Amino acid sequence: MSRPQLLLLLTLLVAGICFGIGIYLAKHQARKKRARRKLQAHSLPMSAFSTLDHPAAQQSSDDTSPLDEAEVFMAYGKKTKAIEILREALAQKRISREAYDAFKTRHEIR
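Okay, so let's go over this structure. Here the structure is a predicted model, which is why all the values come from computation and not from measurement.

This part takes up the nonpolar core. Nonpolar side chains tend to gather and get buried jointly when the protein is soluble and globular. Grouped together as the largest cluster of nonpolar side chains are 10 residues: Ala70, Met74, Ala82, Ile83, Leu86, Ala89, Ile95, Tyr100, Phe103 and Ile109. At the level of secondary structure, the elements contributing two or more residues to this core comprise helix H2 (66-75), helix H3 (79-91) and helix H4 (97-106). By residue number, the principal contributor to this core is H3, which donates four residues.

Encoded structure:
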């Protein structure tokens, strides 16, 4: 083998090795980035101006009526969840039996 052919072969070999290392590093970085995104998706950023613990941001169960909550579930097609909420509210005496029956009649639920 002549010297120019040998140099060409060595150049191609080094270029191939560098290319392979580059691909490996790019895939490794992409895996790390995906893992970081997945971790960040499950946690909320906290700052000095966070309102997560502010009393006005916390909604109590007394703020919304069970009928309004059930209407939202019905709007999204969740009939069983709406009925479950109304039955719990009826058991806790948060709504009247007449309101429960009117809701079922309005939405044609048997």
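The subject of this paragraph is unusual backbone geometry. Despite not being glycine, Lys93 shows a phi value in the positive range, around 60°. Of note, Lys93 is situated in the loop between H3 and H4. Even without being glycine, Glu108 reaches a positive phi, approximately 55°. Examined against the element boundaries, Glu108 turns out to sit in the segment after H4. A relative accessible area of 72% places Glu108 in the exposed class.

The next subject is the packing of H3 against H4. Their axes nearest at 10 Å, the elements H3 and H4 cross at an angle of 165°. The angle between the axes of H3 and H4 places the two elements in the roughly antiparallel class. Handedness of the H3/H4 crossing: left-handed. Residue-level inspection shows Ile83, Leu86, Arg87 and Leu90 of H3 in contact with H4, the latter providing Arg97, Tyr100, Phe103 and Lys104. Of the residues contributing to the contact of H3 with H4, the split by class is five nonpolar, no polar and three charged.

What counts and how
Residues numbered from 1 in each chain as written. Predicted model: local features only at pLDDT ≥ 70, side-chain atom pairs only at ≥ 80, totals over all residues. Heavy atoms only, no water. Core = buried A, V, L, I, M, F, W, Y, C linked by side-chain atoms within 4.5 Å. Buried < 20%, exposed > 50% of the residue type's maximum accessible area, 1.4 Å probe, protein only. Helix = DSSP H or I, 4+ residues; strand = E, 2+ residues; numbered from the N terminus. Axes fitted to C-alpha atoms, helices over the stretch in contact; angles between N-to-C directions. Parallel < 35°, antiparallel > 145°, perpendicular 65-115°, else oblique. Left-handed = near helix turned anticlockwise from the far one by under 90°. Contact = heavy atoms within 4.5 Å. Nonpolar A, V, L, I, M, F, W, Y, C, P; charged D, E, K, R; others polar.

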